[in-house]
Amino acid sequence: MQAVILAERLAGDLRGQTVLVSGASSAVGHSITQMVCLVGGRVIGTVGSEAKWT
């Protein structure tokens, strides 16, 4: 949650913005992805392997 709050402080309102989440399949990455989507942002995520993508 702190990462999303910090991102909004630095970048402004995330609504309509695209955010890159490195390690999106991790617990923290997944949470950040959900929070960015909840505030109206779009996420592009990276994962370490194809097995983690699903």
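Residues numbered from 1 in each chain as written. Predicted model: local features only at pLDDT ≥ 70, side-chain atom pairs only at ≥ 80, totals over all residues. Heavy atoms only, no water.

A. Structural detail: the overall build of the protein chain. For the protein chain, the count of helices and strands is two helices and two strands. Moving toward the C terminus, one meets the helices and strands of the protein chain in the order α-β-α-β. Expected size for 54 residues packed as a compact globule is a radius of gyration near 10 Å; at 11 Å, the protein chain falls within 12% of this value. Each principal axis of the C-alpha distribution contributes one length, and for the protein chain these read about 35 × 20 × 15 Å. (Helix = DSSP H or I, 4+ residues; strand = E, 2+ residues; numbered from the N terminus. Rg over C-alpha atoms; globule rule 2.2 N^0.38 Å.)

B. Main features of the pairing of strand 1 (residues 18-22). Of the two faces of strand 1, only one is covered, namely that formed by Val19 and Val21; the face formed by Thr18, Leu20 and Ser22 stays uncovered. Note that strand 1 and strand 2 (residues 42-46) share five bridges and pair parallel. Paired with Val19 across the strands is Val43, a residue of strand 2. With respect to chirality, the unit in which strand 1 leads through helix 2 (residues 27-38) into the neighbouring parallel strand 2 is right-handed. (Buried < 20%, exposed > 50% of the residue type's maximum accessible area, 1.4 Å probe, protein only. Pairing = 2+ DSSP bridges. Right-handed = clockwise from strand over helix to strand, strands pointing away.)

C. The arrangement of the pattern of salt bridges in detail. What the rule picks out here adds up to one salt bridge. In this structure, the salt-bridge partner of Arg15 is Asp13, at a minimum N-O distance of 3.2 Å. (Salt bridge = Lys/Arg side-chain N within 4 Å of Asp/Glu carboxyl O.)

D. The environment of Gly40, seen in detail. In this fold, Gly40 is placed in the loop between helix 2 and strand 2. Separated by 27 residues in sequence, Gly40 and Asp13 place their C-alpha atoms 9.0 Å apart. Contacts of Gly40, omitting those with residues within four sequence positions, involve Leu14, Arg15 and Gly16. (Contact = heavy atoms within 4.5 Å.)

E. View of the confidence of the model for the protein chain. On average, residues of the protein chain score 83 in pLDDT, and 93% of them are at 70 or above. At the level of individual helices and strands, the protein chain shows its lowest average pLDDT in helix 1 (residues 2-11), which scores 72, and its highest in strand 2, which scores 94. (pLDDT = per-residue confidence, 0-100.)

F. Focus on the environment of Leu6. Of note, Leu6 is situated in helix 1. Overall, Leu6 belongs to the partly exposed group, its relative accessible area being 45%. Counting along the chain gives 26 residues from Leu6 to Ile32, while the straight-line C-alpha distance between them is 12 Å.

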